[in-house]
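Given next are the chains, with one letter for each unit.
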Amino acid sequence: MNETKSEMSEHDIDRLGQLLAKPLRQNESRVTKDISERLRVARMQAMDAHRVVLAHRTAETAAPSSTAVKKQLAWWKKLLAAIPVAAAGAGIVFMQGAVSDDGTGEMIETDLQILSSPVPPSALSDPAFLQYLKTQNIDMAKPAPSTAATQSR
């Protein structure tokens with residue numbers, strides 16, 4: 001009986017209960033009906049408490065430990081964490097295709113055609129165009145070497 005309550009087996013607890021009940025049963029005939037009824041209720045409550053303790057013990061051994069549950073859920077957490085990364089990667093791939101086909105090549109070709117063509121005479125009468133030429137330090141009075149060569153022909 002050197003064991004503590006938490007280390008006692010069910011057999012030890014039952015044996016202790018029987019040892020305590022033996023002297024009570026011997027004097028049972030001398031106890032009044034009121035006291036015997038109270039003792040009966042106390043025994044019923046003790047048995048109910050004992051059943052609750054046993055139920056908790058069996059539930060603890062039957063239930064999986066929290067570490068096992070955490071291990072089972074660990075791969076779900078990893079999967080859920082990978083979903084936003086995969087979505088971002090897919091978005092980058094799709095955006096790459098959209099950016100490369102945005103029509104910038106066509107705009108560059110159009111700008112090159114406009115800039116390489118000769119300036120029409122009506123542009124010289126536009127005050128905004130003349131202001132642009134002044135800010136860019138372009139003198140239209142002197143023809144460019146390439147336009148002089150084309151005009152002399």
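Above: the structure in question.
Cut-offs used in this document
All residue numbers refer to position in the chain's written sequence, counted from 1. Owing to the predicted nature of the model, reporting of local features is limited to residues with pLDDT of at least 70; listing and counting of side-chain atom pairs is limited to 80 or more, with chain, interface and lining totals taken over all residues. The basis for every side-chain value is the complete set of non-hydrogen atoms in the structure, without hydrogens or water. A helix here means a DSSP run of H or I that spans at least four residues, while a strand means a run of E at least two residues long, and both kinds are numbered starting from the N terminus. With a 1.4 Å probe rolled over the protein chains alone, any residue whose accessible area is under 20% of its type maximum counts as buried; one over 50% counts as exposed, and the rest are partly exposed. Only the protein chains shown count as cover for residues, with accessible areas throughout obtained via the Shrake-Rupley method and a probe of 1.4 Å. Method remark: on a 1 Å grid restricted to protein atoms, a set of points is classed as a cavity if a 1.4 Å probe fits but cannot get out and as a pocket if it is open with protein on both sides within 12 Å along at least five of seven lines; lining residues have an atom within 4 Å of a point. Grid points are joined across faces, edges and corners, and a volume is the space filled by probe spheres set on the points. As a working rule, the residues Ala, Val, Leu, Ile, Met, Phe, Trp, Tyr, Cys and Pro are called nonpolar, Asp, Glu, Lys and Arg charged, and the rest polar, with Gly in that last group. Only one rule defines a salt bridge in this text: a Lys or Arg side-chain nitrogen within 4 Å of an Asp or Glu carboxyl oxygen.

Some details on the overall build of the protein chain
- When helices and strands are counted, the protein chain shows 6 helices and 0 strands.
- Mapped from its N terminus to its C terminus, the protein chain presents α and β elements in the order α-α-α-α-α-α.
- Looking at the protein chain as a whole, 3% of its 153 residues are labelled buried.
- About 13900 Å² of surface is accessible on the protein chain, with carbon and sulfur atoms providing 63% of the total.

Let's talk about the layout of surface pockets
- The space that makes up the largest pocket amounts to roughly 940 Å³.
- Lining the largest pocket are 25 residues, and of these G17, Q18, A21, A46 and M47 sit closest to its centre.
- Sorting the residues of the lining of the largest pocket by element identifies α1 (10–26) and α2 (33–62) as the ones contributing at least two each.
- Counting residues per element, the lining of the largest pocket draws most heavily on α2, at 11 residues.
- Of the residues that constitute the lining of the largest pocket, the class distribution is 14 nonpolar, 5 polar and 6 charged.

Focus: the pattern of salt bridges
- Counted under the stated rule, the structure contains 4 salt bridges.
- Salt-bridge contacts for R15 lead to D12; the nearest nitrogen and oxygen are separated by 3.5 Å. Here R15 pairs with D12, and both are found in helix α1, just 3 residues apart, close to one helical turn.
- With a relative accessible area of 40%, R15 lands in the partly exposed category.
- Residue class for D12 comes out buried when judged on its relative accessible area of 15%.

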